[in-house]
Structure formats: structure tokens, C-alpha cells
Amino acid sequence: MHPQLAEDLAQLPDLLEDTRRRAVAFLDGLGERPVVPVPWEPEVEPLPGRGVGLRAALEEFAVRWEPNLSASAGPRYLGFVTGGATPAALAGDWLTAAADQNSNSSLDPAGQRIERETVGWLRELFGLSDAHSGTFVSGATMSNTVGLAIAREWLGERRGVSPAEDGLAALGPVRVLSGSAHSSVAKGLSVLGLGRRALVGVETLAGREAVDPVALERALRETDGPCVVVANAGTVNTVDFDDLHAIAALRERHDFWLHVDAAFGAFAALSPDHAHLVEALDLADSVCVDLHKWLNVPYDSAVQFTRRPDLQARVFQNSAAYLGSVGDHPDLVHLTPENSHRLRALAAWFTLRAYGRDGYREIVERDVSCARAMGEAVAAVPGLRLLAPVRLNVVCFTLAEEPTAERLAALAAELNEEVFLTPTRYAGVPALRAAFSNWRTTDADVRRAADALARAVRKLL
Ligand SMILES: *Cc1c(COP(=O)(O)O)cnc(C)c1O
């Protein structure tokens, strides 16, 4: 063994203790470090020929990289839609790396069993029936892509071909209808060879991001044969929800695969005031839910659900003598784009075991209440105006005067020490978003964020 490896092996307990201490210090300082530090250009070091050992690597990381990390795990990182990691999720993730399982095969089944139990819990959490099976993937983009890949195979089934076997040329043109599809849907269509132009935008309701069911039915009537509908349960700008009951009912008259992107909107199921928004989620043929957002597990984690695991296995099967057969209950190796499969379910298993449905209801309701308070605070700042009502956990607002992208970027940059917001465009107007999905965020953070915003606006005006 290389002497540096032998030395680290001999000192492993001490080194891990040192690592743990540093992790604790990082987490203890989360509330106080700049939420997003001033951008800096690192000097790029050449590949070390001779290693320095873990202790020196830890030192170097602490000096060169750690001070530049954002507090994205903390309570006032309100950009994008960002979760943190609960204590139990973090513990699960540490143990995932320690055990380093490749959980994709019944030949070594423990990891796969943990994942299946966890998927069962998630299904219940979101009110899905056991007609839905599910697998873990790396994020909602991958979950949407897997759902659309199954949809593609379903279209093939309707047309008497298998795109998985015969390729896309056999399938012919495809239309994917959606009101306010997330950008990752277009990316998925590109990856799948269906093309970004397959995505056809359908009119939304007046002043809303939710699709107009009448316009959707018109688009279905104008579509020749079976197609795909992507319904949105929680849009990123205003957290609007398509009427899933109304969309599903259109299947009585039209033939389509219904995929629902509920990346973070699925968590509305946990709030009694909002659960009706996703009550019909189970009617979907495939569903995307992100877990590194509102479940607050570390990146990279999402789940994809579908009623047609048989079509899924047709797409993703990876037959090789040494991997085991596909069969009626395919191993995970046959269900997602990757073959080797991190036991990423363990972080989700830990956090659900530790906090349960009640714990998650508390997180969701607190975040929703923080978003509402932030919305009221924004509305009260002279010079700002809300662009949409706060429907769930996102506040979308802009400058009352001259809301240019440049001025909003200047405003956001002024805030970064205290609170991180990200830009968007809503109804043609440049805007900022504050998204609440971290388990640590409290009213005190909302006050701090709102005060920082009011100061920054005064400075700008
Ligand atoms: C975040 C998000 C995605 C993409 O998720 P990643 O985890 O970043 O891949 C897709 N759809 C919606 C609605 C989202 O909010």
C-alpha cells in the first residue's frame, strides 16, 4: 500500500473525528457566514504528483475553498428552490458514503430493499397509490427525463413500435403539450431525441401560470393521435398548479400520457390548506418529485414514479449475464439511465424515520408561513411591488419603477451577504424570487431578509 494511504488508514478514526469537527464548525457558522460570498477566481493548482495525506488536505480545503462556499444549506439562501439537509438526512448521507453500496441488484440486495421501503414511504407522503412504483434518481431534471422516456415508449406502444428497440425514426413526430413547463422538460426532450421543439406551449389562465384546460382540450383536438401532456404542480415563479382533475378528465376524450412535474409542489400534500392542489396526483402516468429541495436531503436526490414500470424497463434494461435478468420485478439497474446506483435513498430513509409525516408537515407549513410574511414585508417596502400573490412558498416581486434586469441584479448583489435571491422574468417583467424550502428558516430570518431588502432598495433609489 502507498505509504500515504497506509498512514491515513492507521489514523482513520482520528481523521474522521477531525472531519466531523470541521463539519460541525461549518454548520455552526451557517447563520453568520455571507449567504453568497463575493465571487473570487481561484488559482488553479496542478495535479499533485505526491499527495499530502488527508490531514494536510483538510487544512488546505479550510484555507482555500471553505471560506468561499455559500450558506446554501442555511436559512436565508432563498435563490432557486433550495433545501438544506436535516440532521438525520446528513447522518444518512455520511453513512451512505461510509458504506459505499452499489444498490442496483438483487444479487446484493440490501441497498435496493432500503430504496424500495423509502419509495413506499414517499408514495404515501404524497398520496400516491401503490399503482405507482418509483426509483431514486439524481434530481428532478433526471426524474422528468425518465418520465418522458417512459412516455416515449408508451407512444411507441400506441403506434405499434418500440423506440427503445427500433429508434426514434420508427416513432415519428411527437407533440408534448404544457402550460408553463419547467426548462428541464425541454432539456429532457433534447436528451431523448424528441427535440425541444416537440414542446408546444398551451395558453394559461388569465394572469396565471396554470394551464387553461379549455385551451389544452383545443390543442389536443388539433393533435393527430396520442401525445404527451406535461402538467405542472408548482411552477417556479409563482407556484401555480394546473388543475390535475380537469386535465386527467380529458383522457375520456383524448389519448395522452400524463406526466406531472411536482418537483417541489408535491409537498403541498402535507399542508391541509393546500393538499387539494395535488389531490389528483395519483391519476398521472408518471410523476417527478425532487427530494434535495423540500425533503431537505443533500444533493443529489429525486424520485420518479410511474404506473408503467414495464415500459420503463423496456427503455432502461441493461441485459448482461452477470447483472441478472430483467424479469417481472426488475432490479434498479434496469430502471434508470445509470447502471451503478448510489444508495441515495438512505438520507431520505433517515430523515423520514427521524421526523415522519408530522415533522415534514411542520417544515412545509413554517416555510409557507415565512413566504407569506415575506410577501407582506415586500408589499410594505416603498419602491417594490409583488408580481403575483404568494400561493405557496415563493415570493415573486420587482421594482415599482424601472424594473430593468440590471437594476434588479444590482439590488440582488447588494443583498448577498444577508440573503440570496435569484432573478427571473414573470409576465414579461424582470423580477426577483425568494423561495422558502429550507428546514432551518424561521420568522427571524424573514425579518432579517426583509430589513436587508428595504435597506438595499433605499440605497438603489
Ligand atoms: C428544480 C426543478 C426542476 C429541476 O430540478 P433539478 O433537481 O435541479 O434537476 C424541475 N422542475 C421543477 C418544477 C423544479 O422546481
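The rules behind these values
Residues numbered from 1 in each chain as written. Predicted model: local features only at pLDDT ≥ 70, side-chain atom pairs only at ≥ 80, totals over all residues. Heavy atoms only, no water. Pairing = 2+ DSSP bridges. Helix = DSSP H or I, 4+ residues; strand = E, 2+ residues; numbered from the N terminus. Axes fitted to C-alpha atoms, helices over the stretch in contact; angles between N-to-C directions. Contact = heavy atoms within 4.5 Å. 1 Å grid on protein atoms, 1.4 Å probe; cavity = no way out; pocket = protein on both sides within 12 Å on 5 of 7 lines; lining within 4 Å. Points joined across faces, edges and corners; volume = space filled by probe spheres on them. Buried < 20%, exposed > 50% of the residue type's maximum accessible area, 1.4 Å probe, protein only. Polar contact = N/O pair within 3.5 Å; in protein donor to acceptor, adjacent residues only side chain to side chain. Salt bridge = Lys/Arg side-chain N within 4 Å of Asp/Glu carboxyl O. Domains from an automatic or database assignment. Core = buried A, V, L, I, M, F, W, Y, C linked by side-chain atoms within 4.5 Å. Near = heavy atom within 4 Å. Areas by Shrake-Rupley, 256 points an atom, 1.4 Å probe, with all protein chains shown as cover. Sits in = over half its atoms within 2 Å of the grid points. Nonpolar A, V, L, I, M, F, W, Y, C, P; charged D, E, K, R; others polar. Arc of directions from axis to C-beta.

Trainee: Could you clarify how one ought to interpret the sheet that holds strand 10 (residues 422-426) in this entry?
Mentor: Within a sheet, each strand pairs with its neighbour through backbone hydrogen bonds, oriented either parallel or antiparallel. The strand order across the open sheet formed by four strands is 8-9-11-10, and the pairing between neighbours is antiparallel. Whereas interior strands pair on both sides, the edge strands pair on one side only; in this sheet they are strand 8 (384-386) and strand 10. Neighbour-to-neighbour, the strand axes of the sheet open up by a mean angle of 40 degrees, direction not taken into account. Inspection of the sheet shows strand 9 (residues 394-399) paired to strand 11 (residues 429-435) by four bridges, in the antiparallel sense. Counted as the bridge partner of Val-394 is Ala-435 from strand 11. Across the face of the sheet, helix 12 (residues 345-380) comes into contact with strand 8 and strand 9 while running at roughly 15 degrees to strand 9.

Trainee: I keep staring at empty space enclosed by the protein and nothing clicks. Help me out?
Mentor: Where empty space is left in the structure can be found by rolling a water-sized probe over the atoms. Inspection of the entire model under this criterion finds one cavity of 30 Å³ or more. As for the largest cavity, its lining consists of Asp-93, Thr-96, Val-297, Pro-298, Tyr-299, Asp-300, Ser-301, Arg-342, Arg-344 and Ala-347.

Trainee: Any chance you could explain the sheet that holds strand 1 (residues 133-137) here in plain terms?
Mentor: Taken in spatial order, the seven strands make up an open sheet running 1-7-6-5-4-2-3, and their pairing is mixed. Across the chains shown, the open sheet's two edge strands, defined by having one partner strand only, are strand 1 and strand 3 (199-201). Ignoring strand direction, the axes of neighbouring strands in this sheet form an average angle of 20 degrees. Two elements, strand 2 (residues 176-178) and strand 3, share three bridges in a ladder whose sense is parallel. What sits directly across from Leu-177, in strand 3, is Val-200.

Trainee: Hey, could you run me through the side chain of Arg-76 in this one?
Mentor: Note on placement: Arg-76 falls in the loop between helix 3 (54-64) and helix 4 (87-99). On the accessibility criterion, Arg-76 (3% relative accessible area) is buried. In terms of polar contacts, Arg-76 uses its side chain to reach the backbone carbonyl oxygen of Glu-418, at 2.8 Å. A distance of 2.8 Å separates a polar atom in the side chain of Arg-76 from a polar atom in the side chain of Asp-445.

Trainee: What exactly am I supposed to notice about the pattern of salt bridges here?
Mentor: Using the criterion set out here, one finds 28 salt bridges in the structure. With a shortest N-O distance of 3.5 Å, Asp-18 and Arg-21 are connected by a salt bridge. Pair noted here: Asp-18 and Arg-21 are both in helix 2 (residues 12-28), with a separation of three residues, about one helical turn. The exposure class of Asp-18 is buried, given its relative accessible area of 8%. Residue classification places Arg-21 among the partly exposed residues on the basis of a relative accessible area of 45%. One salt-bridge network, held together by shared partners, links Asp-18, Arg-21, Arg-22, Arg-55 and Glu-59.

Trainee: What's the story with the domain arrangement of the protein chain in this structure? I'm lost.
Mentor: By a frequent convention, interface size equals the accessible area lost on bringing the separate parts together. Segmenting the protein chain into domains produces domain 1 (3-71) and domain 2 (90-350). Taking the mean C-alpha position of each, domain 1 and domain 2 sit 36 Å from one another.

Trainee: Is there a simple way to think about the nonpolar core in this case?
Mentor: In a soluble, globular protein the nonpolar side chains are often hidden away together inside. Leu-122, Phe-126 and Leu-295 are the most contacted members of the largest nonpolar core, which has 59 residues in total. At the level of secondary structure, the elements contributing two or more residues to this core comprise helix 5 (110-125), helix 9 (213-221), strand 4 (227-232), helix 10 (244-249), strand 5 (256-261), strand 6 (286-290), strand 7 (302-306) and helix 12. Ranked by residue count, the leading element in this core is helix 12, at nine residues. Once residues within four sequence positions are removed from consideration, Leu-295 is found in contact with Thr-86, Leu-122, Leu-125, Phe-267, Ala-348, Thr-351, Leu-352 and Tyr-360. Leu-78, Val-390, Val-446 and Ala-456 belong to the second-largest nonpolar core, a separate cluster that totals 28 residues.

Trainee: Explanation requested: the site of the ligand in the structure shown.
Mentor: Thr-141, Asp-261, Asp-290, His-292 and Lys-293 are the nearest of the 14 residues found near the ligand. For the ligand, a nitrogen atom lies 2.8 Å from a polar atom in the side chain of Asp-261. Isolated, the ligand exposes 380 Å² of accessible area, and the fraction of that covered by the protein chains is 83%. Comparing atom positions with the cavity grids shows the ligand to sit within the second largest pocket. The element that contributes the greatest number of residues to the shell around the ligand is helix 6 (residues 140-159), accounting for three residues. Here the residues of the shell around the ligand sort into four nonpolar, seven polar and three charged.

Trainee: Just checking my understanding: could you explain helix 13 (residues 405-415) for this structure?
Mentor: If you check which residues of helix 13 are buried, you get Arg-407, Leu-408, Leu-411, Ala-412 and Leu-415. Summarising the axial view, the buried residues of helix 13 lie within an arc of 135 degrees, below the 170-degree limit, and thus occupy one face. Opposite the buried face of helix 13, by more than 90 degrees, sit the exposed residues Glu-406 and Ala-413. Those residues of helix 13 that are buried lie in contact with strand 8, strand 9, strand 11 and helix 14 (443-460).

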